[in-house]
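The lines below spell out each chain.
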Amino acid sequence: MASEVTIRGAGIFGLTLAWTMLDRGARVTVVDPAGPGAGASGGVVGALAPHVPEAWDAVKALQFDSLIGAEAFWAEVSRAGGGDPGYARTGRLQPLGDDAAVARARARAAGAARHWQGRAAWRVVVAPSGWGPVSPTGLVVHDTLAARIDPARAVAALVAAIRARGGTVAAAAPDRGAVVWATGAAGLADLSAALGREVGRAVKGQAAALAHAAPGAPQVFAGGLHVVPHADGTTAIGSTTERDFDDPGSTDAGLDDVIARARAAVPALAAAPVLRRWAGLRPRARTRRPVLGAWPGRPGHFVANGGFKIGFGVAPGVAGLMADLVLEGRDAIPGALRLEAALR
């Protein structure tokens, strides 16, 4: 058990771990030479969206608990540091392409009723006019669990809260106490090299922010794309998933295609100007799930990585599991999220 912790990496996992551990009374230093949110956590999309409510397992339960608790979590972060993370639980619309998709969606409503504990709903409804996706059947899934967050503002709010609570966020500092490696895509490469097998890899994503104001509207998930209206009058869209790439920070025709598809899916965006184009590397574990636990062969060192596309959504739950392990010696990490699972 530890009372002092050094967290390597100031992305969403590292900062949420720091905040949670401070709340439990630990002394915490977050170290990142590139600065907070320099990697995947500095993106623009910010979709906190659940997986479908079927084939329920411990990972989906963790995600559900994190999404349900997100409003209280981010409200406390805001109170502590004064920052606004741009959080709102606005729900999500998904178009249904044919009768088979409608039938599947209606069947999943039963799973939501069972597993979402009456705290959120999954319904098949008539596609709304105005804001919303084109739907060949005229029907959409409306789930009330999904939420949005502004990634950059959320990172800044966490940094402010950590410092207000007495924690340190720095570009450099020595290791003190237990060390948690939350170093994103580069960290997965380092871990793979140290263990002699691939734990995960960097996957490039490209996204964009458009000048379209719909701050209270639900997000849309259509054709594999997230379309997320934010409180600042922008709507974010993304993203690509690129395992092979030359320049991790460049945007190209792949993003042009994303923008065109999003405009076709959501006609309200047809004339919206592009304000920002973003590209970066996201940490994808072999399991496509976060990898958590002790670093094999390195006593006192731990790993919290692999957020990939769900990092902001599961971060509070991940932080709770890691705080249990590092601060209290209680290992309640589900098997599918254990580092060992990514090594099989």
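Located above this text is the structure these notes cover.
No experiment lies behind these values; they were computed from the predicted model shown.

Cut-offs used in this document
- Each chain carries its own residue numbering, running from 1 in the direction its sequence is written.
- Residues qualify for local features only when their pLDDT is at least 70, as the model is predicted, and side-chain atom pairs are given and counted only at 80 or more; totals for whole chains, interfaces and linings, by contrast, use all residues.
- With hydrogens and water set aside, each side-chain value is computed from the structure's full complement of heavy atoms.
- A 1.4 Å probe that fits into a set of points on a 1 Å grid over the protein atoms alone but cannot get out defines a cavity; an open set with protein on both sides within 12 Å along at least five of seven lines defines a pocket, and lining residues are those with an atom within 4 Å of a point.
- Grid points are joined across faces, edges and corners, and a volume is the space filled by probe spheres set on the points.
- Here a helix means four or more residues in a row that DSSP labels H or I, a strand means two or more in a row labelled E, and each is numbered from the N terminus.
- Three classes are used, and their members are as follows: Ala, Val, Leu, Ile, Met, Phe, Trp, Tyr, Cys and Pro are nonpolar, Asp, Glu, Lys and Arg are charged, and the others, Gly among them, are polar.
- Any two strands are treated as partners once DSSP identifies two or more bridges connecting them.
- Throughout, an axis means a line fitted to C-alpha atoms (over the contacting stretch in the case of helices), and angles, computed between N-to-C directions, take values from 0 to 180 degrees.
- Small angles under 35 degrees read as roughly parallel and large ones over 145 as roughly antiparallel, with 65 to 115 read as roughly perpendicular and the rest as oblique.
- Pairs of residues are marked as contacts when any of their non-hydrogen atoms sit within 4.5 Å.
- One speaks of a salt bridge when a side-chain nitrogen belonging to Lys or Arg is within 4 Å of a carboxyl oxygen belonging to Asp or Glu.
- Throughout this description, buried means an accessible area under 20% of the type-specific maximum (1.4 Å probe, protein chains only), exposed means over 50%, and partly exposed covers the range between.
- A crossing counts as left-handed when the near helix is turned anticlockwise from the far one by less than a right angle, and as right-handed when that turn is clockwise.

S.K.: Please set out the layout of surface pockets residue by residue, giving values where relevant.
M.R.: The gaps of empty space that remain are located by a probe, the size of a water molecule, rolled over the atoms. Put simply, the second largest pocket is a space of about 150 Å³. Lining the second largest pocket are Gly43, Val44, Asp150, Pro151, Ala152, Ala209, His230, Asp232, Thr234, Ala236, Leu275 and Arg276. Listing elements by their share of the lining of the second largest pocket, those giving two or more residues are helix H4 (151-164) and strand S14 (274-285). Within the lining of the second largest pocket, the residues separate by chemical class into 6 nonpolar, 3 polar and 3 charged.

S.K.: Hey, could you go over the sheet that holds strand S10 (residues 200-210) for me, with residue numbers and the actual values?
M.R.: Overall, mixed pairing links the 8 strands, which are arranged S5-S6-S4-S11-S12-S13-S10-S14 in an open sheet. Lying at the two open borders of the sheet, with one neighbouring strand each, are strand S5 (122-126) and S14. Shown here is a sheet whose adjacent strand axes are inclined to one another by a mean of 25°, direction ignored. Two strands pair when backbone bridges link them, and strand S4 (residues 92-95) and strand S6 (residues 139-143) are joined in this way by 4 bridges, in the antiparallel orientation. Note that in S6 the partner of proline 95 across the bridge is valine 140.

S.K.: Account for the packing of helix H1 (residues 12-23) against helix H2 (residues 58-81), with residues named and values stated.
M.R.: Two elements in contact, H1 and H2, have axes separated by 12 Å at closest approach and are oriented at 75°. By the angle class used here, H1 and H2 are roughly perpendicular. Here Ile12, Thr16, Trp19 and Thr20 of H1 come into contact with H2, specifically with Phe73, Trp74, Glu76, Val77 and Ala80. Class assignment of the residues belonging to the contact of H1 with H2 gives a composition of 6 nonpolar, 2 polar and 1 charged.

S.K.: Describe the pattern of salt bridges, naming the residues involved and giving the relevant values.
M.R.: Counted under the stated rule, the structure contains 18 salt bridges. Its salt-bridge partner being aspartate 84, residue arginine 153 comes within 2.6 Å of it at the nearest N-O pair. Of this pair, arginine 153 sits in helix H4 while aspartate 84 sits in the loop between H2 and S4; the two residues are 69 residues apart in sequence, bridging distant segments of the chain. Classification of aspartate 84 as partly exposed rests on a relative accessible area of 44%. The structure contains a network of salt bridges with shared partners spanning Asp23, Glu76, Arg79 and Arg165.

S.K.: Can you break down the sheet that holds strand S2 (residues 27-31) residue by residue, with the values?
M.R.: The strand order across the open sheet built from 6 strands is S8-S2-S1-S9-S16-S15, with neighbouring strands paired in mixed fashion. The sheet terminates laterally at strand S8 (168-170) and strand S15 (291-294), the two strands that pair on one side only. Pairs of neighbouring strands in the sheet enclose a mean axial angle of 20°, with direction left out of account. Of the pairings in the sheet, the one linking strand S1 (residues 4-8) to S2 comprises 5 bridges and is parallel in character. Bridged to threonine 6 within S2 is threonine 29.

S.K.: Quick one: what's the story with the packing of H1 against H4, residue by residue and with numbers?
M.R.: The contact between H1 and H4 brings their axes to 10 Å, and the two run at 30°. One element, H1, and the other, H4, form an angle in the roughly parallel class. Of the two elements, H1 crosses H4, and the hand of that crossing is left-handed. Residues Ile12, Leu15, Thr16, Ala18, Trp19 and Leu22 of H1 pack against Val155, Leu158, Val159, Ala161 and Ile162 of H4. Across the contact of H1 with H4, the residue classes tally to 10 nonpolar, 1 polar and no charged.

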